[in-house]
Amino acid sequence: MPPTLASLVHHSALKLTVRAGGDRLDVPVRWAHVSELADPVPYMEGGELLLVTALKLDAENPEAMRRYVRRLVGAGVVGLGFAIGVNYEEVPKALIDAAEEEGLPLLEVPRRTPFLAISKAVSAAIAADQYRAVTAGFAAQRELTKQTLNAGPEGLLAALASQVNGWAALYDAAGAVVAAAPEWAGRRAARLTADVERLRERPAPASAVVGGPEHEDRVELHTLGTGRRPRAALAVGTAAALGTAERYAVHSAIALLTLTTERSRSLHAAEQRVGAAVLRMLLAGEPDHARAVAGGLYGGLLDAPFRVIVAEAASVSAARVVDSGARVALTKASAAALAFASGGAHSDPLGALTEIAESAAARAGEAVLVVPEGEGESARVVVLAADGGAAVSAIVEYAAALEAARSGGAAEGHAATDEEELVVGLSAPAGPIAAAAAYKQAEQALSVARRRGRVCVEHEQLAAGSVLPLLADDAVKAFADGLLRALHEHDATGRGDLVASLRAWLSRHGQWDAAAADLGVHRHTLRYRMRRVEEILGRSLDDADVRMELWLALKATSSE
């Protein structure tokens, strides 16, 4: 505790006597200051014990003393020490009355007590308090280090909560609570997820102070990690502002958690190298070798059906055909609504996807294999995750949120930008033996997602849907236009409707009577038109491949 007026009054060597404000002696004293100025207020900072001999004061003038004391109180002076036996033999009644009226503690200083003794007593008490705080801080650091080594982050949080007489919580890279102490603090910490996400948008290291609902507590938030993007965040909740010892404890916790996070990042990089080796073996058709290398790290993942997920970043400024309109970039409002603002996550979509998958898997206690491939524009991420597990669900949900945000932007007419957006392909469930086939399925789904302007496509959706949307590709349309151009040019001269006749004939599987009825012409007329089609195109309609190409060409151009 810092020195107070009461501790100075009880100091046996000072012999101070209380003349006014005896009920306010418990206030802390920041410093003892001597001033004989008639108006010392401009030089006060607040919290001082002012010492005077009234050399330049009319201390017996009631009105002058009221003004003097009132200004001292307004400046935050916590007490007034008046030396007797120098200019006045006793404390003037006018000063006592003014101090009582304003509630300012007034201390009588005997002649044998020099002001220097009071200043030294205050200074010594402040130094002792600071020493106690530093000592307590070092003790807290030792305890936090011990708990971190013995019980990991959970033990550190428990020790920190005890040190600050409050609660503490740890958030992962996605802003989700991964540990809290005491146990009830998890619910409190979960309500601060939005504040943690906003904090992660700021350059690291970053911190913020937030108040709970109806000011139930005071919470400090701190980012963790040494990189540009925070790896985690720490929340510390207390009933009041932290003292010096508590501040030491929090800073120690930040340092220890940062070391733990960076060590975890190094281990994570090593795990990724193992994962890359496991993936290469699976794709090479060596599941037994892959299982041996995976060991306990990824072995459990290979014991049940898994999904292969391939993701890449694509520029939204490229021209693409979308099922429901032009593709646009995420607006700022839509991005904020996704509840994942990871300090520029949308400028690094692959990094965002990786964090989401790994965080979801960690919370669910399941293994997930994430392997980055390539660099720059050719960069992509390959993920092996348990079928039906938390990582797959998190990726699908995130893709759906991006899709919804994009659709909202398109509806509002926002223009596309050069930002990069996520494109994801998912395979059907597979086992280690079929890993290569699953990887190919994921790439096929990725290709379709890219072509259709979708965020995510599952391979199973391709078989369940129709092949016709695939005809929207520009290359297919160019082929169709070239194949049918001669027929369209013929029809433009008014010499017959060969395109419509060909469509009717193909739709009726070559049945002359049915197709002629649809067109409202005689079947001989239709036969003549089909011969003209063969002559103009130089192809035989008896060839099944020719009929197929013509039918797909008609379908590809039917929407124009």
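Residues numbered from 1 in each chain as written. Predicted model: local features only at pLDDT ≥ 70, side-chain atom pairs only at ≥ 80, totals over all residues. Heavy atoms only, no water.

Chemist: I'd like a description of the overall build of the protein chain, backed by residues and values.
Modeler: Counting its secondary structure elements, the protein chain contains 18 helices and 15 strands. By element, 53% of the accessible surface of the protein chain is carried by carbon and sulfur atoms, the whole surface being about 27,200 Å². (Helix = DSSP H or I, 4+ residues; strand = E, 2+ residues; numbered from the N terminus. Areas by Shrake-Rupley, 256 points an atom, 1.4 Å probe, with all protein chains shown as cover.)

Chemist: Run through the pairing of strand 13 (residues 380-386), naming residues and quoting values.
Modeler: With 6 of 7 residues buried, strand 13 is to be regarded as a mostly interior element. Bridge count between strand 12 (residues 368-373) and strand 13: 6 bridges; the pairing is antiparallel. For Val 371, the partnering residue across the bridge sits in strand 13 and is Val 382. Following strand 12, the chain reverses through 6 residues before pairing antiparallel with strand 13; Gly 374 in that reversal takes a positive phi of roughly 70 degrees. (Buried < 20%, exposed > 50% of the residue type's maximum accessible area, 1.4 Å probe, protein only. Pairing = 2+ DSSP bridges.)

Chemist: For the side chain of Asp 491, give the residues involved together with the corresponding values.
Modeler: Within the element layout of this structure, Asp 491 appears in helix 14 (residues 474-492). Within the buried set, Asp 491 has no salt-bridge partner at all; the shortest N-O distance to an opposite charge, 7.8 Å, is to Arg 529. Polar side-chain contacts of Asp 491 include one of 3.0 Å to the backbone nitrogen of Val 499. If we skip the residues at most four places from it in the chain, Asp 491 touches Gly 496, Asp 497, Leu 498 and Val 499. (Lys, Arg positive; Asp, Glu negative; His and termini not counted. Salt bridge = Lys/Arg side-chain N within 4 Å of Asp/Glu carboxyl O. Polar contact = N/O pair within 3.5 Å; in protein donor to acceptor, adjacent residues only side chain to side chain. Contact = heavy atoms within 4.5 Å.)

Chemist: Hey, could you go over the environment of Gly 225 for me, with residue numbers and the actual values?
Modeler: Among the secondary structure elements, Gly 225 is positioned in the loop between strand 9 (218-224) and strand 10 (232-238). A relative accessible area of 17% places Gly 225 in the buried class. The sequence separation of Gly 225 and Ile 254 amounts to 29 residues, and the corresponding C-alpha distance is 9.1 Å.

Chemist: Quick rundown of the side chain of Glu 48? Include the residues and the values.
Modeler: Inspection of the secondary structure puts Glu 48 in strand 3 (residues 48-52). Arg 30 is the oppositely charged side chain nearest to the buried, salt-bridge-free Glu 48, at an N-O distance of 4.3 Å. There is a polar contact of 2.9 Å between the side chain of Glu 48 and the backbone nitrogen of Gly 46.

Treat this as a map of the structure, not an account of what it does.
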